[in-house]
Each structure stands twice: as structure tokens, then as C-alpha cells.
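# Structural overview
So the chains spell out like this:
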Amino acid sequence: MLETKPVKGKAPKREYPLERYRNIGIIAHIDAGKTTVTERILFYTKKIYKIGEVHDGAATMDWMPQEQERGITITAAATTCFWNDHRINIIDTPGHVDFTVEVERSLRVLDGAVVVFDGVAGVEPQSETVWRQADKYKVPRICFINKQDRFKGVIDLIEMKALYWDGDEAAEPEVREIPADMKEEAEKARETMVEHVVETDDALLHRYLEEHHITPDEIRAALRKATIAATGIVPVLTGAALRNKGVQPLLDAIVEYLPSPLDVPPVIGDDPRTGEQLVRRPTDDDPFSALAFKIASDPFVGKLAFFRVYSGVLRAGDTVYNATKDRRERISRIVLLHANHREDVEEVGAGDIAAAVGLKQTFTGDTLCDPEKPIILESIKFPEPVVQIAVEPKTKADEEKMSLALARLAEEDPTFRVHTDPESGQTLISGMGELHLEVIVDRLGAKPIVIQLPIGSEDRFKGVIDLIEMKALRVRVGDQGRPALQGLDEGRPGRHQGSDGERRHRRLPGRRPEGDRRGRLAARGRLERDGVQDRRLDGAQGGGAARRAGDRRADHEGRGHRPRRVHGRRHR
């Protein structure tokens, strides 16, 4: 059994029974308002007492500097709040396609989801992507149509009442009668809703056909059953989170219609010794089993392993078995997360989402379990990277630091890869897109050499660097659909055309990959075989630090300051 404290075997004291747990994710296309919705949820559940806005860089869940600078969510963040005597564990996920890995691994361990749509833009590409991801993991969901800023209120078709919010201040809705001019339309909409709901329950359908009436409680019960069973029935709500409208009904719907851990099927895995299929029920009495779904580096506690408990109990100080790696590890601390804040707890049980400190050999997708009753749960599959660039440290002394930082980031992000080119000696990093790698470079604090090798789709291929002329090269797709070489711009090495037409001088950082001319010529030949042409760099091509440096340089030159030469080098 687990090596535990004297309270071993005793179920944890739960403040809320498991049937009152809701483990949900907020998913959507970028800029649909996910983080704004989450911020309002935290405010109305009194988890926070001041609303922070995304556009001000003050949202609770967007805690990374890169998120605050760009106004988008980059990494999934977890928190817990309470509503109507229920515990709601929330994971706020990114909406940009470059960070879809965060959605994938979050949905793998969640029981339900709120899909947020932009009421103006409608269904967008990433809306469809996250919907398919939820289908893949059979995650029940409800929809929230956001950004309905011009409405005065909503009509509750179950209770047939109108809810009004006066002004944009955070307040409880005022319940009124449905306006006379909308009464007929509301009755038709309710009848359509009821017909779809009763079709999922034969007994309820039979009674509805006989009496042509069912109660609001019966509608909610049937709607909950249909939502959890994924019959194609999805509750839809509307509101304007930024204007503090429609959030309370959304919270009610999360509690009413999304499942608890007891409402979803038990988790199934394999015995690593015999291959026999095993079942773990969501109770504290079954052997411990959990899935690590995210790794993060914390500046205060080190490596954090986020995990979802499917069965059993885990306590600080326990020794667990990593069935994926065939290793035993000790849990030194267990913490609950609120964005980047931590709360130490002594134990967690079935249905809980927490993070562990002290797991050195555990990575995303690994199964943690009872050492004497091992099980391997289904892991998480991630897409292959599609874009690649080369990076070098600012100074020779920073090489080791950069290597360690890259290794740490690769542990956190399964779609981020690092390797060294055996011929050029350059450090190559690959990821899901330009923004993905820009954020990586920004977190490193390094200045990138803009090299992109031909992996993934050709429309994502951007270019490489001419190692002889020390220019950046870009690719044009030829008539046959293959990259074709175009003539290089004239001019001295290290010089390029800025986006505003001004000629600027920039030195590409880093050493040459090979020390002799023959090595450079060989590298040049490889680039030409890949089909390369001249690329004009601008400050936006680098990370945030490089871009800001370019802006400062342009501003400096714009005020009449010009570079001067000292011993053959340009200085400012």
C-alpha cells in the first residue's frame, strides 16, 4: 500500500461531497472573452473582490508577463471557486491555435466545459477546433454567447421570466415579467426547447404528449441528463461578461447541467504487469490513481506537476508509483492553485485537481498510482511542431543558462522541441507557430537568429539566414508548389530594409556555425537546396525584448542621433 502517515486509509474530510464537485474548462477562439468570463465568475463567487481587465493586463488568470503584455491567454491556469453550495474547479485555457496543447491536456482531465462564443464574430476557426477536442474526450458542455453588449436583459425560457441588468455595474439581475411584445416569440422558443428536451426521455415524452405540460424542475432534470449523456442537446446562454451581464445564470447552469465526477464513466486503464484491463471508480475507497497533465516551473518551489485524482486518496509525504516511467517518487508537498498563487493542503481525494512538489521524473501524460496496485491510464497525444528557428545566447557566458532554460521549457510544453544541428552546431527550437516561438524566446530573454526550416506546411515556412552574407533569407513558393530561390537584396552584410523604408543597420547575434569558409559554403549550399531567398527583417520578427530594442533604436535615430564608427565598428 501507499507509504503514508498514521492516518493512512482514512478518507479525507470533504467540505463538499463529490456529487457537488464540478471540474470544468473555459474554452473558445481567441478574443471571444474566456478570461473575462472567468474573471467575472471569480468575482461573483467572491474568490476575488476586485475585477481586473484583460486589456489592462490585470486579469487574475493571465498572470504571466507575456500574457499581460499581449492581452491574450498563453498558458492554462487553474483555480477553485464556490457557488450555490458547490465546488467549481476551473481551468482557463488559451484560444490561440499556437497554444492548443493547453486545451488538449486540460480537456483530457476535465468533466465538463463552457464554450464561449463571440456574439459578433460568431463561430470562428478555433471555436470549431476546441469543439472537436471536447468531442474527442467526450466532454459535456454548455455554450455562452458573449459580447451581447446592446441587450437589456435575457429571457429565461425554463421559468419564463425576464432578467434585467441596469447599467454595467456588477449587480444581481432584476426578475420581471416578459415584455408583452416578446411574449409570443418567447412561448414559441420555449415550446421548441421543450420538444427537443423531452425527446431524450421516453417517459417524459409520453407524459408531455398526453398533458402537453411539464414543470421547470422536470425540464432541468431532463436537460441535465441529456447534456451529460452527450445526446446532442447543449444548453445555450447569452450575456456580456465585460458589462457584467449574464454571469450569474451561467454559474447556475454550470451547477445545474454539467456533471460531477460521479456522473462520468469510471476511468479505465491497464495493469502494467499483466496487461489486464482495470477500472478505477471515483471514490476515496479505490486504490489511488491520477494523471499528470501539466508541468510548470515555479520560482519558489521548483517543478510543479499538475494532476487530476481519479480514485483514492493522496497525502503529502506519500510515495507513489509512476507506472509510465516505472519509478517510485515521493510527494513532498501538495498545493491547490489559484492562477500563480499556491495553497498547501495535506491531502486530496477523488475528483480533486492539484499540483505536487517533489516529482522529478514525472512529465505530462504520466500515470501516478498506488505502488502495490499499479495502473496505466491513457496518456495524452500532442501534435508535432510545424515551425523551427535557431537561437543563440547574447553572450558566450549565457550558453549554459540558455540550455538549462530551454530544457525546462521543453519539460513544460510537449509541443516545444530543442535539438542541436549536427553540422552547423546551432541550437534549433521548434513549436506550433510564430507566436509560440516568440513567447518562448521572450521567456528566455534571448535574441533569436531568424531561421525557419521547412517543416510542416509550406505556408508556414518563413526562411533561414544566409551565413555568408549574414542576411536573413525568405522563401517564395514556386509554380510547382515548392520553395524557390529569389535574388538577394544588394547591400552590405548585416544591413536590411526597415518596415518604414528606412535603411537600418542591425548585427545578427551569435557566432558563425563553422569556423572556416568551407563550412560556411557547405551551409550555404544546404540552404539553397531548400529553396531560399532574401528576407528583410524588422523588429517584430524577434521576441518582445528584440522588438522593444528595435523600437528604441528607431526612436533614437529619429531624433537626429546617428551611429558613429569606432575602429571599424558601429557604436551608438
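Quick note: structure is the one above.
These numbers were taken from a predicted model, which means no experiment stands behind them. (Residues numbered from 1 in each chain as written. Predicted model: local features only at pLDDT ≥ 70, side-chain atom pairs only at ≥ 80, totals over all residues. Heavy atoms only, no water.)

### Some thoughts on the overall build of the protein chain
Heads up, the rule is: The helix count covers DSSP runs of H or I at least four residues long, the strand count covers runs of E at least two residues long, and both are numbered beginning at the N terminus. Between buried and exposed lies partly exposed: a residue is buried under 20% and exposed over 50% of the maximum accessible area for its type, with that area taken using a 1.4 Å probe on protein chains only. We call two residues contacting when some pair of their heavy atoms lies within 4.5 Å. Only the protein chains shown count as covering a residue, and every accessible area follows the Shrake-Rupley method with a 1.4 Å probe.
The number of helices and strands found in the protein chain is twelve helices and 35 strands. By residue count, 52% of the 572 residues in the protein chain fall in the buried class. Put simply, 67% of the contacts in the protein chain that link residues at least 6 apart link residues at least 24 apart. With the model as given, the accessible surface of the protein chain reaches about 27500 Å², and the carbon-plus-sulfur share is 49%.

### Details of the sheet that holds strand 17 (residues 333-338)
What counts, and what does not: For two strands to be treated as a pair, DSSP must find no fewer than two bridges joining them. Helix axes are fitted only over the stretch in contact, all axes being lines through C-alpha atoms; the angle between N-to-C directions runs from 0 to 180 degrees.
Across the sheet, which stays open at both edges, the eight strands sit in the order 16-15-21-12-13-20-17-18 with antiparallel pairing between neighbours. Looking at strand neighbours, the two that pair on one side only are strand 16 (327-330) and strand 18 (341-345), the edges of this open sheet. Direction aside, neighbouring strands of the sheet carry axes that sit 40 degrees apart on average. Where strand 12 (residues 289-298) lies against strand 13 (residues 302-311), nine bridges are found, and the strand directions are antiparallel. Across the sheet, L291 pairs through a bridge with R308, a residue of strand 13. Its contacts with the sheet put helix 9 (residues 399-412) on strand 12 and strand 13, and the angle it makes with strand 12 is roughly 150 degrees.

### Here we look at the sheet that holds strand 5 (residues 141-146)
Either a parallel or an antiparallel arrangement is found when strands of a sheet pair, and the pairing is made through backbone hydrogen bonds. On the basis of which strands lie adjacent, the open sheet formed by six strands has the order 2-3-1-4-5-9 and mixed pairing. Either end of the sheet is taken by a strand with one partner, and the two such strands are strand 2 (77-83) and strand 9 (236-238). Each strand of the sheet is rotated relative to its neighbour by a mean of 25 degrees, with strand direction disregarded. Pairing of strand 1 (residues 21-28) with strand 4 (residues 112-118) involves five bridges; the strand directions are parallel. Bridge pairing in strand 4 places G25 opposite A113.

### Some points on helix 5 (residues 183-198)
Rule in force here: A helix is expected to span 1.5 Å for every residue after the first. This arc is taken over the directions from the axis of the helix to the C-beta atoms.
For helix 5, which comprises 16 residues, the first-to-last C-alpha distance of 22 Å matches the rise-based estimate of 22 Å (1.5 Å per residue) to within 8%. Within the span of helix 5, buried status applies to A186, R190, M193, V194, V197 and V198. Seen end-on, helix 5 carries its buried residues on one side only, within an arc spanning 120 degrees. Looking at helix 5, the residues exposed on the side facing more than 90 degrees away from the buried face are E184, E185 and K188. Turning to helix 5, the residues buried within the fold contact strand 6 (153-156), helix 6 (202-211) and helix 7 (216-228).

### Some remarks on unusual backbone geometry
Residues other than glycine seldom take positive phi values, yet K138 does so here, at roughly 55 degrees. Although it is not a glycine, H212 adopts a positive phi angle of roughly 55 degrees. Along the chain, H212 falls in the loop between helix 6 and helix 7.

### Side note on the nonpolar core
The cut-off we apply is this: Buried Ala, Val, Leu, Ile, Met, Phe, Trp, Tyr and Cys residues that are joined via side-chain atoms within 4.5 Å together make up what is termed a nonpolar core.
With 43 residues, the main nonpolar core has I41, I88, V114, I142 and I254 as its most contacted residues. If you tally residues by element for this core, the top one is helix 8 (residues 247-257), at seven residues. Not counting chain neighbours up to four residues away, the residues in contact with I88 comprise R22, I24, T79, T80, C81, W83, L251, I254 and V255.

### Here's the deal with the packing of helix 3 (residues 100-109) against helix 4 (residues 125-136)
As a reminder of what qualifies: We call two directions roughly parallel when the angle between them is under 35 degrees, roughly antiparallel when it is over 145, roughly perpendicular when it lies between 65 and 115, and oblique otherwise. We call a crossing left-handed when the near helix sits turned anticlockwise from the far one by less than a right angle, and right-handed when that turn is clockwise. Under the scheme applied, nonpolar residues are Ala, Val, Leu, Ile, Met, Phe, Trp, Tyr, Cys and Pro; charged residues are Asp, Glu, Lys and Arg; polar residues are all the others, including Gly.
Look at helix 3 against helix 4: their axes get within 9 Å of each other, and the N-to-C directions meet at 25 degrees. Between helix 3 and helix 4, the angle is such that the two are roughly parallel. Along this stretch, helix 3 crosses helix 4, giving a crossing that reads as right-handed. Along its contact with helix 3, which presents T100, V103, E104 and L107, the element helix 4 presents Q126, T129, V130, Q133, A134 and K136. Taken together, the residues of the contact of helix 3 with helix 4 sort by class into four nonpolar, four polar and two charged.

### Topic: the packing of aromatic side chains
So the rule is basically this: Between 30 and 60 degrees the pair is tilted, below 30 it is stacked and above 60 it is edge-to-face, where a pair is any two Phe, Tyr or Trp rings, Trp via its six-membered ring, whose centres lie within 6.5 Å.
On inspection of all chains with the given rule, the structure shows four aromatic pairs. An angle of 20 degrees between the planes, with centres 5.2 Å apart, marks the rings of Y16 and F82 as stacked. Of this pair, Y16 sits in the segment before strand 1 while F82 sits in strand 2, placing them 66 residues apart in sequence. The class for F82 is partly exposed, based on a relative accessible area of 31%. Pairing F43 with Y44 gives two aromatic rings, centres 5.6 Å apart and planes at 80 degrees, and the pair type is edge-to-face.

### Thoughts on helix 4
Here helix 4 spans 17 Å end to end across twelve residues, near enough to the 16 Å set by a 1.5 Å rise per residue. Looking only at helix 4, the buried set comprises Q126, S127, V130, Q133 and A134. Around the axis of helix 4, the buried residues are gathered within 125 degrees of arc, so they sit on the same side. The inward-facing, buried residues of helix 4 abut strand 1, helix 3, strand 4 and strand 5.

### Description of the side chain of R224
Our working rule: Under the rule applied, a polar contact is a pair of N or O atoms within 3.5 Å (in protein, one hydrogen donor and one hydrogen acceptor; residues adjacent in sequence only if both atoms are side-chain atoms).
Looking at where R224 falls in the secondary structure, it is placed in helix 7. On the accessibility criterion, R224 (19% relative accessible area) is buried. Here L258 takes part through its backbone oxygen, which lies 2.9 Å from a polar atom of the side chain of R224. Setting aside anything within four residues of it in sequence, one finds R224 in contact with R22, V255, E256, Y257, L258, P259, S260 and D263.

It is worth stressing that arrangement in space is one thing and function is another; only the former is reported here.
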